[in-house]
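So you can see what is in the structure, the chains are spelled out below.
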Amino acid sequence: LTQHAFELNGRPVTVEAPENEPLLYVLRDRLAMKGTRFGCGLNQCGACSVLLDGAPVASCDTPVWAVAGKAVTTIEGLGSEASLHPVQAALLAEQAGQCGYCLSGIVVHAAALLAREPRPTEEDVRNALDGCLCRCGSHNRIVRAVLRAAEAMR
Ligand code: FES
Ligand code: FES
């Protein structure tokens, strides 16, 4: 086991883990941050997305050594039940969540998009969410919700 130091949701953390352990396992199993989801484990579904220095990455496909000294933001760092991220509030308003399994990853990608593009087109939103699969088929409502959140944030 090796010590890994990075920033998690604005706070410094140090965690012991095998050097190549996926960040997803470190977050869920060693740091008890269960909001980030395991979908495919193969960088193909988007469920495990987190922000690394502000850009979305697949935490299932990111070894923990690669985040040393960097800032990791998970869904817990974006919003909470008491203080929803505007994308979370819009997902609720559009009743876009069904099982909800994909939504952590979707909020992460949408938050990154809205941070760099406050006036996204529908196409921008669809492109930003391209790597996020929703097995419930909620895509259209999710896209509407992200556009609604963009408006609310302006
Ligand atoms: S679990 Fe990481 S992309 Fe699917
Ligand atoms: S809401 Fe069920 S997978 Fe997206």
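Up top is the structure.
Residues numbered from 1 in each chain as written. Chains lettered and ligands numbered in written order. Predicted model: local features only at pLDDT ≥ 70, side-chain atom pairs only at ≥ 80, totals over all residues. Heavy atoms only, no water.

### Regarding the overall build of the protein
For the record, the criterion: Secondary structure elements follow DSSP: runs of H or I of four or more residues count as helices, runs of E of two or more count as strands, with numbering from the N terminus. Any two residues whose heavy atoms approach within 4.5 Å at even a single point are treated as in contact. We count Lys and Arg on the positive side and Asp and Glu on the negative side, and we leave His and both chain ends out. One atom stands in for each charge, and that atom is NZ of Lys, CZ of Arg, CG of Asp or CD of Glu.
The number of helices and strands found in the protein is six helices and five strands. Helices and strands in the protein line up, N terminus first, as β-β-α-β-β-β-α-α-α-α-α. Taken along the three principal axes of its C-alpha coordinates, the protein extends 45 × 30 × 25 Å. Across the protein, every contact between residues at least 6 apart in sequence was considered, and the portion connecting residues at least 24 apart equals 55%. The average position of the 14 basic charges and that of the 16 acidic charges among the side chains of the protein differ by 6 Å.

### Comments concerning helix H4 (residues 103–116)
Defined as follows: The span one expects for a helix is its residue count, reduced by one, times 1.5 Å. Using a 1.4 Å probe on the protein chains alone, a residue whose accessible area is under 20% of its type maximum counts as buried, one over 50% counts as exposed, and one in between counts as partly exposed.
Its 14 residues place the ends of H4 20 Å apart at the C-alpha level, agreeing with the 20 Å of an ideal helix rising 1.5 Å per residue. Summarising burial for H4: 12 of the 14 residues are buried, a large majority. Listing the buried residues of H4 in full gives Leu-103, Ser-104, Gly-105, Ile-106, Val-107, Val-108, His-109, Ala-110, Ala-111, Ala-112, Leu-113 and Leu-114. The inward-facing, buried residues of H4 contact strand S3 (49–52), strand S4 (55–58), helix H2 (75–78), helix H3 (86–93), helix H5 (122–128) and helix H6 (139–153).

### Quick notes on unusual backbone geometry
Positive phi outside glycine occurs at Asp-53, with the angle close to 45°. Relative to the helices and strands, Asp-53 resides in the loop between S3 and S4. The phi torsion at Gln-95 lies on the positive side, around 50°, for a residue other than glycine. Along the polypeptide, Gln-95 turns up in the loop between H3 and H4.

### Brief notes about the sheet that holds S3
Using the following cut-off: For two strands to be treated as a pair, DSSP must find no fewer than two bridges joining them. Axes here refer to lines fitted to C-alpha atoms; in helices the fit is confined to the stretch in contact. Angles between the N-to-C directions go from 0 to 180 degrees.
A sheet is described by the order of its strands in space; here five strands give the open sequence S2-S1-S5-S3-S4, paired in mixed fashion. Either end of the sheet is taken by a strand with one partner, and the two such strands are strand S2 (11–17) and S4. Neighbouring strand axes in the sheet, compared pairwise and without regard to direction, differ in orientation by 45° on average. As paired strands, strand S1 (residues 2–8) and strand S5 (residues 71–73) are joined by two bridges and run parallel to one another. When the sheet's bridge partners are listed, Leu-8 is paired in S5 with Val-72. Across the sheet, helix H1 (residues 23–30) is in contact with S1, S2, S3 and S5; its angle to S2 comes to roughly 100°. Sheet contacts for H4: S3 and S4; angle to S3, the most-contacted strand, approximately 35°.

### Let's talk about the packing of H3 against H6
As a reminder of what qualifies: Geometric relationships in this document are graded by angle, where less than 35 degrees denotes roughly parallel, more than 145 denotes roughly antiparallel, 65 to 115 denotes roughly perpendicular, and other angles denote oblique. Left-handed describes a crossing whose near helix is turned anticlockwise from the far helix by less than a right angle; the clockwise case is right-handed. Three classes are used: nonpolar for Ala, Val, Leu, Ile, Met, Phe, Trp, Tyr, Cys and Pro, charged for Asp, Glu, Lys and Arg, and polar for all others, with Gly counted as polar.
At a minimum axis separation of 8 Å, H3 and H6 run at an interaxial angle of 130°. Classified by the interaxial angle, the pair formed by H3 and H6 is oblique. Regarding H3 and H6, the two cross each other, and that crossing is right-handed. Of the residues in H6, those in contact with Pro-86, Val-87, Ala-90, Leu-91 and Ala-93 of H3 are Ile-142, Ala-145, Arg-148, Ala-149 and Met-153. Partitioning the contact of H3 with H6 into residue classes produces nine nonpolar, no polar and one charged.

### A few points about the nonpolar core
The criterion, for reference: What is meant by a nonpolar core is a set of buried Ala, Val, Leu, Ile, Met, Phe, Trp, Tyr and Cys residues, joined one to another through side-chain atoms within 4.5 Å.
Core analysis: the biggest nonpolar cluster contains 23 residues, and Val-87, Leu-91, Leu-114 and Ile-142 have the highest contact counts within it. Non-local contacts of Leu-114, meaning those with residues more than four positions away in its chain, are made with Val-87, Pro-120, Val-146, Ala-149, Ala-150 and Met-153. Counting 14 residues, the second-largest nonpolar core is a separate cluster that includes Val-13, Val-15, Leu-23 and Val-67.

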